[in-house]
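# Descriptive analysis of the structure
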Amino acid sequence: MAPSRPEHKKGKLDVAKLLIDAQTQLEVGNLVEASDIAQQALDSTGAGGDFELSALNLLGTIHVEAGDIDDARAYFMRAVTLDSEGAVDEKVGGGPEKFLLLAQLSEEGGQDSVNWFERGAAALRKQIQALTDLATSKTPEQQVMLEEKQQKLGGVLCAVAEVYMTDLSWEPDAEQRCEALITEAMLIAPNSSETWQTVANVRVSQQRVDEARAALKRSLELWQDLPDNHPAIPEFPTRIGLSRLLLETEMEEEALQVLERLVADDDTSVEAWYLGGWCLYITGEKMPNETKTLWKTSRQWLSQCLKLYQLQDYEDMRLGEHAQELLASINKAIGEPVEGEEDGWEDASDEDGEEEDEEMQG
């Protein structure tokens, strides 16, 4: 009987290694191999096995990356049956993450997404309370973990608020729910730029523009001076949303700064080039003495937008039509671009950007 124990232990170690290997393949983009290895790990650990939950979550994540949303959802739902409240230790695949992913993967959206987000939020609150109860006995690592959980909960609350501003905006208590959600987010994650961006979005919907501007400034202050690749810098789509809010609240100078950084991060983004062109067009309207200079640069941004639009078969027809309308308006006002104007502009874009910032600052 003695030899059986090492064999059993070796089996566990083999499954653990399979999961590590699958995670590695996922990180380098080998999704088929990652899926095969993770499935092997799931089959090896079996129903009720020590690694079942970890394997299910990993398979769900792999299928999300592969775009297999139905399969991803099925794996996460199986994980929910094993950890229905997110109370299992995250080291073995428990915790709130599966609920948050199911909220984003929901076919129904709306209330179904909110329900999943709320389950994730409930699990996060319990984790935060457990860490808070440690009081002065917390280790530095536990303090970092507490702050990370608070930031994540703030993000979940903001996500629910966004649902109430879109899919559930018709609900009679939508505004009150949004207010309660952003109030809690401001308390739990005041150092999150996402919190203040969501506050601004709610304030814009309430036509409280001055308060929206104040929230946007606070959001920007939390990350705009940080170096590239700093973890506190919001994700690309979040910054696209931020630039739209800045334009909506007539904060064109700040919007252009965000957009210049976005195209530096990803010069293939149709939306970033479009918003930059629109921003410069609006600024040119407001600054008659600088209109021609600003509109020439706007034309360059919009031309780049439309080139990428065609190359990528971009689906947002309204964006393409508006970009063309803006270009037509510029050409009518200041004349068609001279030969070489569009070809050489990229080399001088950084210098031009600095000049534009100076012009916008007066």
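For clarity, every value in this text was computed on a predicted model and none was experimentally measured.

## Quick look at helix α2 (residues 31–45)
- In a regular helix each residue adds 1.5 Å, so 15 residues correspond to 21 Å; α2 covers 21 Å between its end C-alpha atoms and thus fits that length.
- Among the residues of α2, those classed as buried are Ala-34, Ser-35, Ile-37, Ala-38, Ala-41, Leu-42 and Thr-45.
- Two residues or fewer past α2, Gly-46 is found with a positive phi of approximately 75°.

## Considering the side chain of Ser-269
- With respect to the secondary-structure elements, Ser-269 resides in the loop between α12 (252–265) and α13 (270–286).
- Among the polar contacts made by the side chain of Ser-269, one reaches the main-chain amide nitrogen of Ala-272 at a distance of 3.1 Å.
- In this view, Ser-269 contacts Phe-236, Ile-240 and Leu-308; residues no more than four positions away in its chain are not counted.

## Brief notes about the pattern of salt bridges
- Throughout the structure, instances matching the rule amount to 18 salt bridges.
- Two residues, Lys-17 and Asp-21, come together in a salt bridge whose shortest N-O distance is 3.0 Å. Here the residue Lys-17 and the residue Asp-21 both occupy positions in helix α1 (residues 4–27), the gap between them amounting to 4 residues, near one helical turn.
- Given the relative accessible area of 28%, Asp-21 is considered partly exposed.

## Quick word on the nonpolar core
- In this structure, Tyr-164 and Leu-246 are the most contacted members of the largest nonpolar core, which totals 78 residues.
- Apart from residues lying up to four places away in sequence, Tyr-164 is in contact with Gln-111, Val-114, Ser-169, Ala-174, Arg-177, Cys-178 and Leu-181.
- Val-15, Ala-22, Leu-42 and Leu-53 belong to the second largest nonpolar core, which has 18 residues in total.

## Considering the environment of Met-186
- If you trace the backbone, Met-186 turns up in helix α8 (residues 174–188).
- According to the relative accessible area criterion, Met-186 is partly exposed, its value standing at 23%.
- Sequence-distant contacts of Met-186, that is, excluding residues within four places in its chain, are made with Thr-195, Trp-196 and Val-199.

## Here we look at the layout of surface pockets
- Its volume calculated, the largest pocket comes out at about 1,500 Å³.
- Forming the walls of the largest pocket are 46 residues, and the residues nearest its centre are Gln-151, Lys-152, Gly-155, Ser-192 and Glu-194.
- Mapped onto the lining of the largest pocket, the elements with two or more residues apiece are α3 (52–66), α5 (97–105), α7 (140–165), α9 (193–205) and α11 (236–248).
- Ranked by residues supplied to the lining of the largest pocket, first place goes to α7 with 13 residues.
- The class makeup of the residues in the lining of the largest pocket is 19 nonpolar, 16 polar and 11 charged.

## Side note on the packing of aromatic side chains
- Inspection of the entire model under this criterion finds 5 aromatic pairs.
- Between Phe-99 and Trp-116, the ring centres sit 6.3 Å apart and the planes meet at 15°, which makes this aromatic pair stacked. Residue Phe-99 is located in helix α5, and its partner Trp-116 is located in helix α6 (residues 110–132); the two are separated by 17 residues in the primary sequence. Just as Phe-99 is buried, Trp-116 falls in that class too.

## As for the state of the cysteines
- Evaluation of the coordinates by the stated rule reveals 0 disulfides.
- Note on Cys-279: no disulfide assigned, nearest cysteine sulfur contributed by Cys-305 at a separation of 14 Å.

## Concerning unusual backbone geometry
- Despite not being glycine, Asn-229 shows a phi value in the positive range, around 70°.
- Looking at where Asn-229 falls in the secondary structure, it is placed in the loop between α10 (209–221) and α11.
- Of the residues examined, Asn-229 reaches a relative accessible area of 77% and is grouped as exposed.
- The phi angle at Glu-250 is positive, at roughly 60°, despite the residue not being glycine.
- Locating Glu-250 in the fold gives a position in the loop between α11 and α12.

## With respect to the packing of α7 against α8
- It is at 9 Å that the axes of α7 and α8 come closest, and there the two elements cross at 165°. Judged by the angle between their axes, α7 and α8 are roughly antiparallel. Taken as a pair, α7 and α8 cross one another with a handedness that is left-handed. Contact residues: Gln-150, Leu-153, Gly-154, Leu-157, Cys-158, Val-160, Ala-161, Tyr-164 and Met-165 in α7; Ala-174, Arg-177, Cys-178, Leu-181, Ile-182, Glu-184, Ala-185 and Ile-188 in α8.

## Examining the environment of Tyr-309
- With respect to the helices and strands, Tyr-309 occurs in helix α14 (residues 291–311).
- A relative accessible area of 15% places Tyr-309 in the buried class.
- As for Tyr-309 and Val-270, which are separated by 39 residues in sequence, their C-alpha atoms are 6.1 Å apart.
- If we skip the residues at most four places from it in the chain, Tyr-309 touches Val-270, Tyr-314, Asp-316, Met-317, Leu-319 and Gly-320.
- Polar contacts involving the side chain of Tyr-309 include one to the main-chain carbonyl oxygen of Asp-316, which spans 3.1 Å.

What counts, and at which threshold
- Residues numbered from 1 in each chain as written.
- Predicted model: local features only at pLDDT ≥ 70, side-chain atom pairs only at ≥ 80, totals over all residues.
- Heavy atoms only, no water.
- Helix = DSSP H or I, 4+ residues; strand = E, 2+ residues; numbered from the N terminus.
- Expected span 1.5 Å × (residues − 1).
- Buried < 20%, exposed > 50% of the residue type's maximum accessible area, 1.4 Å probe, protein only.
- Polar contact = N/O pair within 3.5 Å; in protein donor to acceptor, adjacent residues only side chain to side chain.
- Contact = heavy atoms within 4.5 Å.
- Salt bridge = Lys/Arg side-chain N within 4 Å of Asp/Glu carboxyl O.
- Core = buried A, V, L, I, M, F, W, Y, C linked by side-chain atoms within 4.5 Å.
- 1 Å grid on protein atoms, 1.4 Å probe; cavity = no way out; pocket = protein on both sides within 12 Å on 5 of 7 lines; lining within 4 Å.
- Points joined across faces, edges and corners; volume = space filled by probe spheres on them.
- Nonpolar A, V, L, I, M, F, W, Y, C, P; charged D, E, K, R; others polar.
- Phe/Tyr/Trp six-rings, centres within 6.5 Å; stacked < 30°, edge-to-face > 60°.
- Disulfide = S-S within 2.5 Å.
- Axes fitted to C-alpha atoms, helices over the stretch in contact; angles between N-to-C directions.
- Parallel < 35°, antiparallel > 145°, perpendicular 65-115°, else oblique.
- Left-handed = near helix turned anticlockwise from the far one by under 90°.

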